[in-house]
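What the coordinates show
Okay, here's what each chain looks like letter by letter:
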Amino acid sequence: MGLTANLLAVDAGNSKTDVAVVAADGEVLATARGGAFRPPAVGVERAVDALGEAVTRAFAAAGVSSAEHVSACLANADLPVEEEQLAAALLARGWGAGVEVRNDTFAVLRAGVDEPLGVAVVCGAGVNCVGMRPDGRTARFPAIGRLSGDWGGGWGLAEEALWHAARAEDGRGRPSELARTLPAHFGLGSMYALIEALHLRHIEPVRRHELTPVLFATAADGDPLARAVVDRQADEVVAMATVALTRLDLFAVRTPVLLGGSVLAARHPQLDDRIRELLADVAPEAVPRVVTARPVLGAVLLGLDRAGAAPEAHARAREHFTV
């Protein structure tokens, strides 16, 4: 082939990868989807190998062999040193003459705004928050779990629900319908049976994430303890957003606060309403809204931003991913 595109955009998450090959005028030449991107589990090189399968397909569909620039928004790029390591690994593949790696939360943020200005909180398997200004300033958190002060996300909510349900059943904690609804999801009659099944791996640990929707359903039915857990998640989302707004001197400026990830995108009424009520109280200039655009669009727009592309190019790319 030998031809070169302007931009290779990558959005790689814990469950799937999307890539797009884009021309300088914002035309999307080809897209492809790949599997999960998990460097902590498989190592950087194997994780990048998995990206390569989707990149190869996208390049072939676009009729090119490389790009001038790679804009990659990657899960597990939580620290600057990890971004540098991943950027070096991508550059070594020869997919682009230049590479910029960001945490994948930046893709959600940029996909949801018309200019690189705002704050995004993503609550999917975990929880993270980033912010950016057009002058290049950013705000972020390490977002590597309880070690860095994080609480919640789909996995954390499931763990919290299990903890409360176990204590509700054996008497150490407050009574809760969670002691019935969580084991019932797996066809079991007690928390003891569910604890045993998870401990002995009769139910694979990865299936714990299935309990997050059960938590929300139990809260919606009025269980006080389940409702308290959901309220705490809202509190955490607002705390992260407020800190990011403050760090970027945006607290008193009308600013989008984008809500993304599977937990927030589900629009659970209790969670959604409490986030909006709290933001209206503590950060009245914040404008919350749920991001529905595919995050790979954000990686594309960040690449076009870097290239100084015209507004028409941004609009053309956005149109491709929103029709």
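Higher on the page you've got the structure.
What follows is about the overall build of the protein. In terms of helices and strands, the protein carries 13 helices and 10 strands. Against the compact-globule benchmark of 20 Å for 323 residues, the protein has a radius of gyration of 21 Å, which places it among compact chains. Across its three principal axes, the protein shows a C-alpha extent of roughly 70 × 45 × 35 Å. With 323 residues in all, the protein has 51% of them scored as buried. Considering only intrachain contacts with a sequence separation of at least 6, the fraction spanning at least 24 residues in the protein is 66%. In the structure as shown, the protein presents an accessible area of about 14400 Å², 53% of it carried by carbon and sulfur atoms. Here the protein contributes 31 positive and 40 negative side-chain charges, whose respective centroids are spaced 1 Å apart.

For the structure on display, the rule yields 19 salt bridges. Arg-133 is paired through a salt bridge with Asp-135; the nearest N and O atoms lie 3.9 Å apart. Residues joined by salt bridges that share partners form a network here, namely Lys-16, Asp-18, Arg-33 and Arg-294.

A few words on helix H12 (residues 295-307). The end-to-end C-alpha distance of H12, which contains 13 residues, comes to 19 Å, matching closely the 18 Å that a straight helix rising 1.5 Å per residue would cover. Along H12, the positions that sit buried rather than exposed are Val-296, Leu-297, Gly-298, Ala-299, Val-300, Leu-301, Leu-302, Gly-303 and Leu-304. The first or second residue beyond H12 is Gly-308, which carries a positive phi of 70°.

A word on the sheet that holds strand S4 (residues 66-74). Here 5 strands make up an open sheet; going across it, the order is S3-S2-S1-S4-S5 and the pairing mixed. The open sheet terminates on both sides in strands that have one partner only, identified here as strand S3 (28-34) and strand S5 (96-103). The average undirected angle you get between the axes of adjacent strands in this sheet is 15°. Here S4 pairs with S5 via 7 bridges, running parallel. Bridge assignment links Val-70 to a residue of S5, and that residue is Val-99. On the sheet, helix H2 (residues 44-62) packs against strand S1 (4-12), strand S2 (17-22), S3 and S4 and is oriented at approximately 155° with respect to S3. The strands touched by H12 within the sheet are S1, S2, S4 and S5, with S1 carrying the most contacts at an inclination of about 140°.

On strand S10 (residues 286-290), burial follows the alternation: Ala-286, Pro-288 and Val-290 on one face are buried, whereas Val-287 and Arg-289 on the facing-out side are not. Sheet topology note: the strand S9 (residues 255-260)/S10 ladder contains 5 bridges and is parallel. Paired with Thr-255 across the two strands is Ala-286, which belongs to S10.

Take unusual backbone geometry next. Among all residues save glycine, negative phi is the norm, and among peptide bonds the norm is trans. Residues other than glycine seldom take positive phi values, yet Asn-76 does so here, at roughly 70°. Within the fold, Asn-76 resides in the loop between S4 and helix H3 (80-92). Of note in the backbone geometry, Asp-249 takes a positive phi value of approximately 55° without being a glycine. Position of Asp-249 among the secondary structure elements: in the loop between helix H9 (224-247) and S9.

Let's shift gears to H3. Each α-helix turn comprises 3.6 residues. Residues three or four places apart therefore point the same way. Helix length check: H3, at 13 residues, gives a terminal C-alpha distance of 18 Å against a target of 18 Å (1.5 Å per residue), a fit within 8%. Among the residues of H3, those classed as buried are Glu-83, Leu-86, Ala-87, Ala-89 and Leu-90. Viewed end-on, H3 has its buried residues packed into an arc of 165°, placing them on one side of the element. Residues of H3 that are exposed and point more than 90 degrees away from the buried face comprise Val-81, Glu-84 and Ala-92. Downstream of H3 by one or two residues, Gly-94 has phi in the positive range, about 75°.

What follows covers the environment of Arg-247. Within the fold, Arg-247 resides in helix H9. Put simply, Arg-247 and Arg-289 are 42 residues apart on the chain and 20 Å apart in space, counted from C-alpha to C-alpha. Residue contacts for Arg-247: discarding those within four places in its chain leaves Arg-137, Ala-139, Arg-140 and Phe-141. Of the polar contacts made by the side chain of Arg-247, one reaches the backbone oxygen of Arg-140; its length is 2.8 Å.

A word on the pairing of strand S6 (residues 118-123). Within S6, 6 of the 6 residues are buried, leaving the element largely enclosed by the surrounding structure. By the bridge criterion, 6 bridges tie S6 to strand S7 (residues 127-132) in an arrangement that is antiparallel. Across the sheet, residue Val-122 finds its bridge partner in S7, namely Asn-128. Where S6 folds back onto S7 in an antiparallel hairpin, the turn is made up of 3 residues. Across 4 bridges, S6 lies against S9 in parallel orientation. The residue bridging Val-122 from the neighbouring strand is Gly-260, located in S9.

Thresholds applied
- Residues numbered from 1 in each chain as written.
- Predicted model: local features only at pLDDT ≥ 70, side-chain atom pairs only at ≥ 80, totals over all residues.
- Heavy atoms only, no water.
- Helix = DSSP H or I, 4+ residues; strand = E, 2+ residues; numbered from the N terminus.
- Rg over C-alpha atoms; globule rule 2.2 N^0.38 Å.
- Buried < 20%, exposed > 50% of the residue type's maximum accessible area, 1.4 Å probe, protein only.
- Contact = heavy atoms within 4.5 Å.
- Areas by Shrake-Rupley, 256 points an atom, 1.4 Å probe, with all protein chains shown as cover.
- Lys, Arg positive; Asp, Glu negative; His and termini not counted.
- Charge placed at Lys NZ, Arg CZ, Asp CG, Glu CD.
- Salt bridge = Lys/Arg side-chain N within 4 Å of Asp/Glu carboxyl O.
- Expected span 1.5 Å × (residues − 1).
- Pairing = 2+ DSSP bridges.
- Axes fitted to C-alpha atoms, helices over the stretch in contact; angles between N-to-C directions.
- Arc of directions from axis to C-beta.
- Polar contact = N/O pair within 3.5 Å; in protein donor to acceptor, adjacent residues only side chain to side chain.

In short, geometric facts, not functional conclusions.
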